[in-house]
Amino acid sequence: MLKQISLSTNKKFDLIDITSNIKKIVETSKVKDGLCVVYAPHATGAIIINESADPELKKDILDQLAELVPDHGKYRHDRIDNNAQAHIKTALLGSSESIPIKDGKLQLGTWQAIMFAELDGPRDQRKVLVKII
Amino acid sequence: MLKQISLSTNKKFDLIDITSNIKKIVETSKVKDGLCVVYAPHATGAIIINESADPELKKDILDQLAELVPDHGKYRHDRIDNNAQAHIKTALLGSSESIPIKDGKLQLGTWQAIMFAELDGPRDQRKVLVKII
Amino acid sequence: MLKQISLSTNKKFDLIDITSNIKKIVETSKVKDGLCVVYAPHATGAIIINESADPELKKDILDQLAELVPDHGKYRHDRIDNNAQAHIKTALLGSSESIPIKDGKLQLGTWQAIMFAELDGPRDQRKVLVKII
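Residues numbered from 1 in each chain as written. Chains lettered and ligands numbered in written order. Predicted model: local features only at pLDDT ≥ 70, side-chain atom pairs only at ≥ 80, totals over all residues. Heavy atoms only, no water.

(A) Spatial organisation of the relation of the copies chain A and chain C. For the match of chain A to chain C, the screw axis carries a shift of 0.0 Å, the RMSD comes to 0.0 Å, and the turn is 120°. Accordingly, the operation relating the two chain copies is best matched by a three-fold axis. By C-alpha distance to the rotation axis, the residue of chain A lying nearest is A:L92, at 3.6 Å. Looking at the interface residues of chain A, only 14% of them are also at the interface in chain C, so each copy uses its own face. (Least-squares fit on C-alpha atoms with pLDDT ≥ 70 in both. Contact = heavy atoms within 4.5 Å.)

(B) Here's a closer look at the interface of chain C and chain B. Between chain C and chain B, the residue contacts involve 29 residues of the former and 31 residues of the latter. Looking only at chain C, the three residues that lose the most surface to chain B are C:Y39, C:R76 and C:L92, adding up to 26% of its buried area. C:R76 is paired through a salt bridge with B:D60; the nearest N and O atoms lie 3.2 Å apart. At the surface where chain C touches chain B, the tally comes to 13 residue pairs in polar contact (both at pLDDT 80 or more). Secondary-structure elements contributing two or more residues to the side of chain C that touches chain B are β3 (34-39), α3 (84-93), β5 (96-102) and β8 (126-132) of chain C. (Buried area = accessible area lost by both parts, 1.4 Å probe. Salt bridge = Lys/Arg side-chain N within 4 Å of Asp/Glu carboxyl O. Polar contact = N/O pair within 3.5 Å; in protein donor to acceptor, adjacent residues only side chain to side chain. Helix = DSSP H or I, 4+ residues; strand = E, 2+ residues; numbered from the N terminus.)

(C) Focus on the nonpolar core. With 57 residues, the main nonpolar core has A:I48, A:L92, A:L93, B:L92, B:L93, C:L92 and C:L93 as its most contacted residues. Once residues within four sequence positions are removed from consideration, B:L92 is found in contact with A:L65, A:L68, A:L92, A:L93, B:V69 and C:L92. (Core = buried A, V, L, I, M, F, W, Y, C linked by side-chain atoms within 4.5 Å. Buried < 20%, exposed > 50% of the residue type's maximum accessible area, 1.4 Å probe, protein only.)

(D) Layout of the pattern of salt bridges. Applying the stated criterion to the full structure yields 21 salt bridges over all chains. A salt bridge links B:R123 to B:D120, with the shortest nitrogen-to-oxygen separation between them at 2.6 Å. Take B:R123: its relative accessible area is 29%, and that puts it in the partly exposed class. What emerges from the salt-bridge pattern is a single network uniting A:E56, A:K59 and B:R79.

(E) Inspection of the relation of the copies chain C and chain B at higher detail. By a simple turn and slide, chain C fits onto chain B: the slide is 0.0 Å along the axis, the RMSD is 0.0 Å, and the turn is 120°. A different interface surface on each copy is seen, since only 14% of the contact residues of chain C are contact residues in chain B too.

(F) Fine view of the pairing of strand β3 (residues 34-39) of chain B. Residues and elements named next belong to chain B. Counting buried residues along β3, 6 of its 6 residues qualify, which places the element largely inside the surrounding structure. Here β3 shows a buried face lined by G34, C36 and V38 and a second buried face lined by L35, V37 and Y39. Pairing of β3 with strand β5 (residues 96-102) involves 6 bridges; the strand directions are antiparallel. Among the inter-strand pairings, L35 is bridged to a residue of β5, identified as P100. (Pairing = 2+ DSSP bridges.)

(G) Highlighting the sheet that holds strand β1 (residues 2-7) of chain C. All names here are of chain C. If you walk across this open sheet you meet the 5 strands as β1-β8-β3-β5-β6, and the pairing is antiparallel. Every other strand in the sheet has two partners, leaving β1 and β6 (105-106) as the edge strands with one partner each. Judged from the 2 bridges that link them, β5 and β6 form a sheet pairing that is antiparallel. Considered in β6, the bridge of K102 is made with K105. Across the sheet, helix α1 (residues 19-29) touches β1, β3, β5, β6 and β8, and the angle it forms with β8 is around 35°. (Axes fitted to C-alpha atoms, helices over the stretch in contact; angles between N-to-C directions.)

(H) Representation of the packing of helix α3 (residues 84-93) of chain A against helix α2 (residues 55-68) of chain C in the model. Between α3(A) and α2(C), the shortest axis-to-axis distance is 10 Å and the interhelical angle comes to 65°. The two elements α3(A) and α2(C) cross, and the hand of that crossing is right-handed. On the side of α3(A), the interface is formed by A:A84, A:H87, A:I88 and A:L92, while α2(C) contributes C:L57, C:D60, C:I61, C:Q64, C:L65 and C:L68. For the contact of α3(A) with α2(C), a count of residues per class yields 7 nonpolar, 2 polar and 1 charged. (Left-handed = near helix turned anticlockwise from the far one by under 90°. Nonpolar A, V, L, I, M, F, W, Y, C, P; charged D, E, K, R; others polar.)

(I) Main features of the interface of chain A and chain C. At the junction of the two partners, chain A supplies 29 residues and chain C supplies 31 residues. Ranking the residues of chain A by area buried against chain C places A:Y39, A:R76 and A:L92 at the top, with a combined share of 26%. Between the two partners, chain A and chain C, sit 3 salt bridges. One can count 13 residue pairs in polar contact (both at pLDDT 80 or more) joining chain A with chain C. Secondary structure elements with two or more residues in the side of chain A that touches chain C: β3 (34-39), α3, β5 (96-102) and β8 (126-132) of chain A. Of the residues in the side of chain A that touches chain C, the class split is 17 nonpolar, 8 polar and 4 charged.

(J) Layout of the sheet that holds strand β4 (residues 45-50) of chain B. Residues and elements named next belong to chain B. The strand order across the open sheet formed by 3 strands is β2-β7-β4, and the pairing between neighbours is antiparallel. Here the strands that pair on one side only, and so sit at the sheet edges, are β2 (14-17) and β4. Looking at each pair of strands side by side, their axes are set apart by 30° on average, direction ignored. Alignment of β4 against strand β7 (residues 113-118), held across 6 bridges, turns out to be antiparallel. Paired with I47 across the two strands is F116, which belongs to β7. Contacting β2, β4 and β7, helix α2 (residues 55-68) crosses the sheet at an angle of about 135° to β2. Packed onto the sheet, helix α3 (residues 84-93) meets β4 and β7 and runs at close to 40° relative to β4.

Structural data, given as structure tokens:
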């Protein structure tokens, strides 16, 4: 089963918690024991798994990413499209994560949430693919 | 098949080689051709695949991570829980890796080991989930 | 089905687009709905998914990685083998990515390409494993 989550983002940088959407998809699939693959089909947006409970932590993550890959670096790509920073961060964070399913439940840890990392927003049509095996 | 590896860690930062545990799980599963998904259900610990033979390299990896995400940065989250650095490193390293199985064997390269990255230890009850498909 | 892509690289640092090889493997597999796992069995080379259309962006990505993990850092491992930087970058980028397949097609986004990141080349015998489920 393959499902799509559609998102519209309204900031340049954001971490958007999609855990409840994915849990619903796992439930609907009726898969008892399997795997859930979460995939971001974008070159300027990524998938991360981390704590979502503290909104301040999300800011810390995004700020530290900006520290590592500055917004106004001397990127060659920025002459074509002013978003090299987003591409580089996406390469670092990665486009997919795979989470085991057991007894019909996603095996996330207590503090884990699945998030889409918007790195070049705002964008109307972001999507995340969720494959259940 | 889903198995759990339990770990207790005794340093703040450590890379713990779990390759032999995972090889044993693959063997027990009797799966000839398939996939092995290794998953860390934590927000302050991650999965990496790298060389484990040289203990000095592990220190290099952990030190460079500390260079990129300093221990005593100005993280907002640290007012709640003094471990923002661990969350940020976990986001960078990722929570899952998927390794093909062929002829009953994990297709690791010569210098590859699968490691749990402890980034906020010591901890009594870390676990790693291993899903065989 | 498990297939191997063989590569020889001719630079120290390079991002090599292997999307068309992988698309061919997916086609040959005749799998309509499934998953494609791309795996690099190396400790000094990784898998990334990003834009490949602009060659300048590839340089930006490699340059920023060098900014984060300098070539001539004080790495202990370099006394044994002068490539600690490549190991650290591989840990950051990751060894596997999983992409859904739908209607026989890899569900890559418009700007996404799958690339092998050579981080310690040139090398005669690099390989990438492609598992179709």
